[in-house]
There are 2 protein chains.
Amino acid sequence: MVWKGRIECILICTHMIENGKRIVIVGGVAGGASCAARARRLCEKCTIEIFEKSPFVSFANCGLPYYVGNVITEEKNLLVATPQRFHDYFNIKVHTEHEVTAIDPAAREIEVCDLKTGVRRSEPYDALVMATGANAIRPPLPGIDLPGVRILRTIPDSRRMRAAVEKAGSAVVVGGGFIGLEMAENLVRRNISVTIIEAAPQVMTPLDPEMAIRVAQQLKENGVEVRVNCAVESFAESKGGGLEVHVSTGESLRADLAVLAIGVKPAAELAVTAGIDTGSSGGIHVDDSMRTSDPNIWAVGDVVETTDIVTGTRRPLALAGPANRQGRVAAATIMRSFYPETCERRSGIRFRGVQATSVCGVFGMTVAMTGANERALQHAGIEDFERVYLHPGHHVGYYPGARPIHLKLIYSTTDGRILGAQAVGEAGVERRIDVIAMAMQMGGTVFDLEEAELCYAPQFGAAKDPVNLAGMIAANTLRGDFSPAAWEELNSSNAVVLDVRSPEEFRDGHIPGSVNIPLPDLRGRIDELSPAESEEWKHREVWLTCGVGQRAYYATRLLMQNGYNVKVLSGGMMTYETLVAARSQSAAP
Amino acid sequence: MVWKGRIECILICTHMIENGKRIVIVGGVAGGASCAARARRLCEKCTIEIFEKSPFVSFANCGLPYYVGNVITEEKNLLVATPQRFHDYFNIKVHTEHEVTAIDPAAREIEVCDLKTGVRRSEPYDALVMATGANAIRPPLPGIDLPGVRILRTIPDSRRMRAAVEKAGSAVVVGGGFIGLEMAENLVRRNISVTIIEAAPQVMTPLDPEMAIRVAQQLKENGVEVRVNCAVESFAESKGGGLEVHVSTGESLRADLAVLAIGVKPAAELAVTAGIDTGSSGGIHVDDSMRTSDPNIWAVGDVVETTDIVTGTRRPLALAGPANRQGRVAAATIMRSFYPETCERRSGIRFRGVQATSVCGVFGMTVAMTGANERALQHAGIEDFERVYLHPGHHVGYYPGARPIHLKLIYSTTDGRILGAQAVGEAGVERRIDVIAMAMQMGGTVFDLEEAELCYAPQFGAAKDPVNLAGMIAANTLRGDFSPAAWEELNSSNAVVLDVRSPEEFRDGHIPGSVNIPLPDLRGRIDELSPAESEEWKHREVWLTCGVGQRAYYATRLLMQNGYNVKVLSGGMMTYETLVAARSQSAAP
């Protein structure tokens, strides 16, 4: 399920390759551009041409929301590389505003239409790379083609959106994923009143609900209205100008602007028509050298299905990092196919698969994740997992300014392997997810996180970094130091909930029905737990809670060694609050 | 040389342990306090006592410079845990102001002196843990005991330092390592004029010189005078009050205050007297379960020698993270020694060794590192290594506010294993070093860095993160895409230095004797490189440079495939400038 090998590496001498071949790349943004540049570095004599439907190559599509928000003020800043640069640096010919309209795999030719003139022509290839990306999903709803309903995928889209924003006072963002949240933040930056509509019971579905609720709260605190369990049904022109957005609750929301951010789907039509295999997800099927079912055609980026290293499932993943690496792999394996004797020793170039590491900024909050969430594991039939929650500071508490990182770690109960991590906070969040992502890439376990030796000075972390703590807590469950209680069974279980916080903390709010014995009193009052007249406590499970889980853990060890059947409510009241809020949100429209 | 195994983990049921044993811990700061708390969690019935010479346990010694600098304003914030907390949470008795004066291993007793009364007594132990830490090095120089010459190791030290700072206008900091730099920054915060004196040719010796020069420049830009190759020879009282610091250049520096920050040495005298083995470094010798040569005595933290996972050398390392982890390991193995049948299945608890990951803030610059530097590798007889330099932004350039990270990666040319990394910059530095540290802990290679899937959104990183770039560049050298030139041979080599930047960039400064052909012109002007009348170029190496190394790499691939014998000056002019500056600094007093 997980890649376990290691790329072999052998020093080679690179010789001049005399017989140039023709590499044609369809699409010149992330994966296509990377493939082209890498191919040139590997082979000076090949002909390399890029055909790009839009007027731009290698533009920063991840920056578009921030261009709308005027954080990025100049359009030219979005152009990572120009056709001129491709020519000057790489001797690569870029044909912008050229749409590839057909592939003839047998003849190894493509049909190209020059969009400026409408003239069509054929172009031959020895290797073809499909880097056609993904298209925004536009469901066939009434009114979806109204001028006020917009998407943001290209630089021309962003120009139109900027113009629309100048005149808008309100917007509905359809979809609460990465792009939806980034759009919401940037529209608020432009003084637009924003409502997010999300059909799912939560925003940011790559997170589990109790983590996503923190994101919803952050949006609300910044003036964004968030409607979950709420699907758009149609758009209509409003009488007073702007749009009426009709939603599944029966309501109608007026807005000057609607932004579609429902997601994307692989732009695989061209490949399908040419008979190239796609997977059940609709993405082009490729092997680990990024080769399609046609031996002369490769595919990279958002248009392909990739293998998730945690779940083993194949799906498209619209992320720039994997797209770039896939472009490099495709270039290397194309060269090997051209010149097996020269390139054979350049062995082992293969794409390892993806783990969906991603990050999003939401009004100063950082939301980051890597690997699978609980839903994805269940969907993949993986059941031998456990999760822990923790809420450590991003640096030591004794240095001013520490902000909590709310971290969830999911791991295999069979071997301790890390399956996923999700984190939310104001500082240091992406750093911890990156460290865990690196460990996962290497097949690491919670024991590896426990032992990680990370940067520590008071303003930079802690002697026990949040990553170490996550590993220690998880490793403690595997060593049998404690068992996590199942939060979702809190209401159905007959366990006694014991809260070991101070009476003052308990008074300010606690789990209904829970009992309070502060940790410092517990050793002295242990007899209260099993009164002579009742054997009940010894037969019931005791579930422990506190503020964030630390004191509960200490109490657990104490009680376990006194013969009690104890579990810990991981993350304590700080986790409990989000579980309650998530449940109430998912129930409400 | 490197730990390659994995901790085995088996779920166990924890039973009540009836026969309590007596664990005595000498020293209650990082490793000692961690060991005590962990021991209690593993065994509720043991007696656990801590003897601590100072009035405080578990205090934040890493915070002391910031307390002097008034960043941390309250002394109580430095107390991570109090004796009362140890009692309340863990049923652990803490004896502060109790000095352990002797160990009798045969009788399993220690002699303790109550410093408040002067009364001595014996205390028995079943397991003894030496967590006596390290002492500041105080060379026997004339005047070193003058009241103005101070160290900063304890809370009382920091009180005295704060009082001294109130009246001081100038200070000499002796030693340019972590503590010296933190002290310099915090004294400047208190409006004190600071001179750092460092006997070595550079500050921050865990860095290689060309990285350390950036730190020296940062200090100077913030008003700190930096004197390298300058040893202190004696201190004397100044006639006008304050001190005269006589240094090896023959000069005398006047200052109101001198801070000794030369380094620390293991406080192992007690162990040595008791016949416990120490290593050549003076630290207590322990096995990987933190057990000393005496089977009933363990040792943890700054007082022990640990094994460096990169070089295999054994040395003391005064870092809080490893000390805490060692404390946990000692607690687990003590339990196993007490109750082999109960704890046997709690197997595999062993300390993996250290890689010296560390970080330091210097006036808003972050300096971080992990693993070995070049000097340490040479010292350990490791010769099969190479290094690359890069200077990427901490996030994409198209999003405002990107700041460069100056990164050096050292790796094995035999198998690509990562041997060390050093980074300097204003943002995102500790994150990248942490990711590389995690990879190293797992035995990772540059190929693993290349494939790492890390957080990317415009304000958080890049599709090709600095970690990916470092891996790609290094992996490219191992794949034979290019060879790095030896910067240190720049003056002695007969190679032609070809600078492929624009004429404007070249005009603003270049390597003496270098030739300028801009990259966009190179394909067209390739004949200039081998004029008909001269075969010289084809027989000489061509060393390529540009701004940061990227264009040079592109040019290298172009020239290699045209038959030239090419190498890249890694990191380009941005590396060159620091090499020149480092050479000039190491030569000057």
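Analysis parameters
Residues numbered from 1 in each chain as written. Chains lettered and ligands numbered in written order. Predicted model: local features only at pLDDT ≥ 70, side-chain atom pairs only at ≥ 80, totals over all residues. Buried ≥ 20, exposed ≤ 12 C-beta atoms within 10 Å, placed from the backbone. Helix = DSSP H or I, 4+ residues; strand = E, 2+ residues; numbered from the N terminus. Pairing = 2+ DSSP bridges. Contact = placed C-beta atoms within 7 Å. Nonpolar A, V, L, I, M, F, W, Y, C, P; charged D, E, K, R; others polar. Least-squares fit on C-alpha atoms with pLDDT ≥ 70 in both. Domains from an automatic or database assignment. Core = buried A, V, L, I, M, F, W, Y, C linked by C-beta atoms within 7 Å. Expected span 1.5 Å × (residues − 1). Axes fitted to C-alpha atoms, helices over the stretch in contact; angles between N-to-C directions. Parallel < 35°, antiparallel > 145°, perpendicular 65-115°, else oblique. pLDDT = per-residue confidence, 0-100.

*Asks:* Talk me through the pairing of strand β15 (residues 252-255) of chain B; I want residue IDs and the actual numbers.
*Replies:* Residue and element names in this part refer to chain B. The side-chain alternation of β15 yields one buried face, formed by L253 and A255, and one unburied face, formed by S252 and R254. The pairing of strand β14 (residues 243-247) with β15 spans four bridges and is antiparallel. For E244, the partnering residue across the bridge sits in β15 and is R254. Where β14 hands over to β15, the hairpin turn is made up of four residues, of which G250 adopts a positive phi near 95°.

*Asks:* Hey, could you go over the interface of chain A and chain B for me, with residue numbers and the actual values?
*Replies:* Facing the 84 residues of chain A at the interface are 84 residues of chain B. Classifying every residue of the side of chain A that touches chain B by side-chain character gives 47 nonpolar, 19 polar and 18 charged.

*Asks:* Could you give an account of the relation of the copies chain A and chain B, with specific residues and numbers?
*Replies:* Two chain copies here: they are related by a rotation about an axis and a translation along the same axis. Overlay of chain A on chain B (RMSD 0.0 Å): rotation 180°, translation along the axis 0.0 Å. Here the symmetry operator amounts to a two-fold rotation axis. A share of 100% of interface residues in chain A that are also interface residues in chain B marks the association as one of identical surfaces.

*Asks:* Give me the domain arrangement of chain A: which residues, what numbers.
*Replies:* All names here are of chain A. Here chain A is described as being made up of domain 1 (2-136 + 265-346), domain 2 (149-262), domain 3 (364-479) and domain 4 (487-569). Summarising the inter-unit geometry, the C-alpha centres of domain 1 and domain 2 are found 32 Å apart. With 14 residues of domain 1 in contact, the opposing surface of domain 2 contributes 17 residues. Counting residues per element, the side of domain 1 that touches domain 2 draws most heavily on helix α2 (residues 64-68), at five residues.

*Asks:* Talk me through the nonpolar core; I want residue IDs and the actual numbers.
*Replies:* Counting residues in each nonpolar core, the largest one holds 406 residues, and the members touching the most others are A:V129, A:A258, A:A299, B:V129, B:A258 and B:A299. If sequence neighbours within four positions are ignored, A:A299 has contacts with A:V129, A:M130, A:A271, A:I284, A:V286, A:M290, A:T292 and A:V304.

*Asks:* Kindly report on helix α6 (residues 209-221) of chain A, identifying the contributing residues and their values.
*Replies:* Residue and element names in this part refer to chain A. The terminal C-alpha atoms of α6 lie 18 Å apart, and with 13 residues this matches the ideal 18 Å at 1.5 Å per residue to within 8%. Within α6, 10 of the 13 residues are buried, leaving the element largely enclosed by the surrounding structure. Within α6, the full set of buried residues consists of P209, E210, M211, A212, I213, R214, V215, A216, Q218 and L219. G223 lies just past α6 and shows a positive phi near 85°.

*Asks:* Lay out the packing of helix α6 (residues 209-221) of chain B against helix α18 (residues 572-587) of chain B with the relevant residues and their values.
*Replies:* Residues and elements named next belong to chain B. Look at α6 against α18: their axes get within 8 Å of each other, and the N-to-C directions meet at 85°. When the axes of α6 and α18 are compared, the pair comes out roughly perpendicular. Contact residues: P209, E210, I213, R214 and A216 in α6; T575, T578, L579, A581, A582, Q585 and S586 in α18. When grouped by side-chain class, the residues that make up the contact of α6 with α18 number six nonpolar, four polar and two charged.

*Asks:* Could you give an account of the sheet that holds strand β1 (residues 22-26) of chain B, naming the residues involved and the relevant values?
*Replies:* Residues and elements named next belong to chain B. The strand order across the open sheet built from five strands is β3-β2-β1-β7-β18, with neighbouring strands paired in parallel fashion. What marks the edges here is a single partner per strand, and that holds for β3 (93-96) and β18 (297-299). Going across the sheet, the axis of each strand differs from the next one's by a mean of 20°, ignoring polarity. Across four bridges, the pairing between strand β2 (residues 47-52) and β3 is parallel. In the sheet register, E49 faces β3, and the bridge partner there is K93. Taken strand by strand, helix α1 (residues 31-42) contacts β1, β2 and β7 (127-130), and its axis lies near 170° from that of β2. Of the strands in this sheet, β1, β7 and β18 are in contact with helix α8 (residues 320-338), which crosses β7 at around 165°.

*Asks:* Describe unusual backbone geometry, naming the residues involved and giving the relevant values.
*Replies:* Not every positive phi belongs to a glycine, and A:N91 is a case in point at roughly 55°. Note that A:N91 resides in the loop between α3 (83-90) and β3 (93-96). Looking at A:N91, the number of C-beta atoms within 10 Å reads 17, which means it is partly exposed. In this model, B:S58 sits at a positive phi of 45°, which is unusual for a non-glycine residue. One can find B:S58 in the loop between β2 and α2 (64-68).

*Asks:* Residue-level account of the pairing of β2(B), with values.
*Replies:* Residues and elements named next belong to chain B. When you tally the buried positions in β2, you get five out of six residues, the bulk of the element. Relative to β2, β1 runs parallel, the two being bridged by five bridges. Bridging across to β2, I23 finds its partner in I48.

*Asks:* Give me the sheet that holds strand β28 (residues 542-545) of chain B: which residues, what numbers.
*Replies:* All names here are of chain B. In space, the four strands of this open sheet follow the order β27-β26-β28-β29, with parallel pairing throughout. At either margin of the open sheet sits one strand with a lone partner, and together these are β27 (515-516) and β29 (566-568). For β28 and β29, the ladder comprises three bridges, and the chain directions are parallel. Among the inter-strand pairings, V542 is bridged to a residue of β29, identified as V566. Each of β28 and β29 touches helix α17 (residues 550-560); the most contacted strand, β29, lies at about 170° to it.

*Asks:* Account for the confidence of the model for chain A, naming residues and giving values.
*Replies:* Residues and elements named next belong to chain A. When pLDDT is averaged along chain A, the result is 92; 94% of the residues meet or exceed 70. Residue range residues 1-17 is modelled with pLDDT below 50. Its contacts to residues more than four positions away, or to other chains, number 39 contacts. Confidence drops under a pLDDT of 50 for residues 344-348, and excluding neighbours within four residues, the segment shows 12 contacts in the predicted structure. In the model output, the complex is listed with pTM 0.96 alongside ipTM 0.95.

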